[in-house]
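Here's the letter readout for the chains.
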Amino acid sequence: MSTPKIHDNTIKYFLSDRQNTISILKSMLPKDIQEKLDLDKIRYEKDSFLPKSLQEYYSDLIVSAPTKCGTSVAKIFFLMEHKSTFKKYTPLQFLRYILEFWDHYLRSSEDSKEKLPVIIPVLIAHPDEGWRPTKVSDLVDLPSDNFKIYIPDFDFLLFDAVKDDPEDYDFDEAVKALFTIWRYSGSPDFIKAVKRVFELIKQIDPQARLDDYLQIILRYLELTREEEEYIDIKKIAETEIDEGEEYMGTIAEMFRREGDERTLLEKPKWEKKGELKA
């Protein structure tokens, strides 16, 4: 499995946990937008309105939240996207998705007068050099700024895990742990940051959820870090985590690079479909 695929599968695993996704949306959305939405009732849309041409790219990453606007049953859709490297044309990717989503939505709707739903892209990025914000208009050769009014620009939510500090956000501890790894991935202080990662993991509740994320983080570190760092990581885990020796003693079987990597593709064991565990 390539490194980008490992990153993708890991964030998909985290986003398949409603508690993580809710914490991300609540931490990133402006307050005046949050007040209009019931984010505790997010729903994974799967392929409900997804064109087949995009299902491979967006499966499990489309969530919706109902509005609180009176008797309205409208939903706001969120496209949760991840990039481990900088992609200049990401705004075009978002635009293509939004247009195809709306087209599919209209063709699936029985009400010809129904309005289109709002779609808010959410980008979680951690390229080595950080993300360079771009809009569609930045990609177009404009003779002058006067032409921008003819370009379909739009904003999207961005968390740059290299430039943004997860401690400044009210993310779930599991999300903070992963984002801390990304923030310090290329830093000489990475091993020091690993201590904070395990401190965060210790705060995850309930125990079954903690066990799952401890294992997925250990697996992720084994697959993405250099082997000479492993001894230091092992020492920190043994110090910070109860029964750390037990987990690290099985690391060779559970997290070897050439081994079975299906854990990064599976749903959390403790989460039932459509249910948020406390």
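Right above here is the structure, for reference.
Notes on the structure in this doc start here.

## Some remarks on the nonpolar core
Then step 1. In this structure, Phe78, Phe179, Phe198 and Ile201 are the most contacted members of the largest nonpolar core, which totals 54 residues.
Then step 2. Take this core: its biggest share by element is 9 residues, from helix α8 (residues 207-224).
Then step 3. Those residues within four positions of Ile201 in sequence are excluded, and the remaining contacts are Ala177, Leu210, Leu214, Ile217 and Ile241.
Then step 4. Membership of the second largest hydrophobic core comes to 14 residues, among which are Phe86, Phe94, Ile98 and Tyr105.

## Observations regarding the pairing of strand β2 (residues 62-66)
Then step 1. Among the 5 residues in β2, 4 count as buried, and that is most of the element.
Then step 2. Bridge count for strand β1 (residues 43-44) against β2 is 2 bridges, and the pairing is antiparallel. Considered in β2, the bridge of Tyr44 is made with Val63.
Then step 3. With 5 bridges joining them, β2 and strand β3 (residues 75-83) adopt antiparallel strand pairing. Bridging from a neighbouring strand, Ser64 pairs with Phe77 of β3.

## Let's talk about the sheet that holds β3
Then step 1. Taken together, the 5 strands give an open sheet; going across it, the order is β1-β2-β3-β4-β5, and neighbouring strands pair in mixed fashion. At either margin of the open sheet sits one strand with a lone partner, and together these are β1 and β5 (157-160).

## Remarks on a nonpolar patch on the surface
Then step 1. Together, Phe147, Ile149 and Tyr150 line one region of the surface with nonpolar side chains, adding up to about 390 Å² of accessible area.
Then step 2. Counting through the fold element by element, Tyr150 comes out in the loop between β4 (119-125) and β5.
Then step 3. Among the residues examined, Tyr150 registers a relative accessible area of 63% and is labelled exposed.

Cut-offs used in this document
- Numbering of residues starts from 1 in every chain and runs along the sequence as written.
- In keeping with the predicted nature of the model, local features appear solely for residues at pLDDT of at least 70, side-chain atom pairs appear and are counted solely at 80 or more, and the whole-chain, interface and lining totals rest on all residues.
- Hydrogens and waters are ignored; side-chain quantities use all the structure's heavy atoms.
- The term nonpolar core refers to a set of buried residues drawn from Ala, Val, Leu, Ile, Met, Phe, Trp, Tyr and Cys, joined through side-chain atoms within 4.5 Å.
- Whether a residue is buried, partly exposed or exposed follows from its accessible area with a 1.4 Å probe, protein chains only, as a fraction of its type maximum: under 20%, in between, or over 50%, in that order.
- Secondary structure elements follow DSSP: runs of H or I no shorter than four residues count as helices, runs of E no shorter than two count as strands, and numbering proceeds from the N terminus.
- Pairs of residues are marked as contacts when any of their non-hydrogen atoms sit within 4.5 Å.
- Here a strand pair is declared whenever DSSP counts at least two bridges between the two strands.
- Patches were defined on residues exceeding 30% relative accessible area and lacking a salt bridge, with like-charge contacts within 9 Å and nonpolar side-chain contacts (Val, Leu, Ile, Met, Phe, Trp, Tyr) within 5 Å.
- Here the open area of atoms and residues is found with the Shrake-Rupley method and a 1.4 Å probe, where only the protein chains shown may cover a residue.
- The rule for a salt bridge is simple: a side-chain nitrogen of Lys or Arg has to be within 4 Å of a carboxyl oxygen of Asp or Glu.

Function-wise, these values are silent; they only describe arrangement.
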